[in-house]
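Structural overview
One letter stands for each residue in the lines below.
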Amino acid sequence: PWYFRDLFEQGYPAEAGNAAASRRAFVKCMGEFGNYYCNQYVDGHREVLSIVSVEEDNLLAAWRLAREHGWWSSVIETMQGLRSLYQETGREGAWRRLVENAASDFIDPETEGPLPGLEIEWRVLTEYRARLARSERDLARGEHLQRMITEWSRNHVQDNSLPIDIGT
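Read on for a plain summary of the structure.

What counts as what
- Residues numbered from 1 in each chain as written.
- Predicted model: local features only at pLDDT ≥ 70, side-chain atom pairs only at ≥ 80, totals over all residues.
- Heavy atoms only, no water.
- Helix = DSSP H or I, 4+ residues; strand = E, 2+ residues; numbered from the N terminus.
- Buried < 20%, exposed > 50% of the residue type's maximum accessible area, 1.4 Å probe, protein only.
- Contact = heavy atoms within 4.5 Å.
- Areas by Shrake-Rupley, 256 points an atom, 1.4 Å probe, with all protein chains shown as cover.
- Phe/Tyr/Trp six-rings, centres within 6.5 Å; stacked < 30°, edge-to-face > 60°.
- Lys NZ or Arg CZ within 6 Å of the ring centre and 35° of its normal.
- Expected span 1.5 Å × (residues − 1).
- Core = buried A, V, L, I, M, F, W, Y, C linked by side-chain atoms within 4.5 Å.
- Salt bridge = Lys/Arg side-chain N within 4 Å of Asp/Glu carboxyl O.

Okay, the overall build of the protein next. Secondary structure summary: the protein contains seven helices and zero strands in total. By the burial criterion, 41% of the 168 residues in the protein qualify as buried. The long-range fraction of contacts in the protein, counting pairs at least 24 apart against all pairs at least 6 apart in sequence, stands at 61%. A total accessible area of about 9400 Å² is found for the protein, and carbon and sulfur atoms account for 51% of it.

Let's shift gears to the packing of aromatic side chains. Under the defined criterion, the tally for this structure stands at five aromatic pairs. Each residue in the set F33, Y36 and Y37 is aromatic and connected to the rest through ring pairs, giving one cluster. A cation over a ring is seen here: R24 above W71, with NZ or CZ 4.7 Å from the ring centre.

A separate point is helix α2 (residues 19–42). Counted at 1.5 Å a residue, the expected span for α2 with its 24 residues is 34 Å, and the 34 Å between its end C-alpha atoms agrees. For α2, the set of buried residues is F26, V27, M30, G31, G34, N35, Y37, C38, Q40 and Y41. Phi for G44, located one or two positions after α2, is positive at around 100°.

Note that A25 resides in helix α2. According to the relative accessible area criterion, A25 is partly exposed, its value standing at 30%.

Another aspect to go through is the nonpolar core. Ranked by size, the top nonpolar core spans 39 residues in total, and within it M79, Y86, W95, L98, F106, L125 and Y128 carry the most contacts. Breaking this core down by element, the ones donating at least two residues are α2, α3 (48–69), α4 (72–88), α5 (92–106), α6 (119–135) and α7 (139–156). Considering each element in turn, this core owes the most residues, nine residues, to α3. The contacts of L98, once residues within four sequence positions are left out, are L60, W63, M79, L82 and Y86.

With that settled, the discussion passes to the pattern of salt bridges. Once their charged atoms are close, side chains differing in charge can pair, the charge on each being opposite to the other. Enumeration according to the criterion identifies 10 salt bridges in this entry. Residues K28 and E32 are paired through a salt bridge, measuring 3.8 Å at the closest nitrogen-oxygen approach. Of the two residues, K28 and E32 both sit in helix α2, four residues apart, roughly one turn of that helix. A salt bridge links E136 to R96; the nearest nitrogen and oxygen atoms lie 2.4 Å apart. Here E136 is found in the loop between α6 and α7, whereas its partner R96 is found in helix α5, with 40 residues between them in sequence.

Here is the structure:
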């Protein structure tokens, strides 16, 4: 965001003219905000939704840049911030489009399993998809996706690589 420009140039003078570094810093910052907003909401601080609504355009811009540059964890982190806003404001269609658009970044179309190296992000996105299926009363699809998550989680419990908590 424009209000971070002076701070960025002051803290990183060598990178000030480097657009790629600026974009990466912006995406990383918005991803951290996304996680923070999600955690605050899950902890019962509903007033955070007013902040998220103001930051929605920045979170979406960061989400697009993250996808464009392959910064996969930031894709999920920015989505974390938007999830509660969209669900609480009756914008499930916007949330569904976001999830569906990101799906091709993480999901092998042949198996519906994770693309190599994106297992944790796949796990979170698949949980989003399962919740959407259940909310749409597509219980068979929701169960199928939940079983995939459960099987994957069982296979990875020994290596402590389970994904971030996506809240309730």
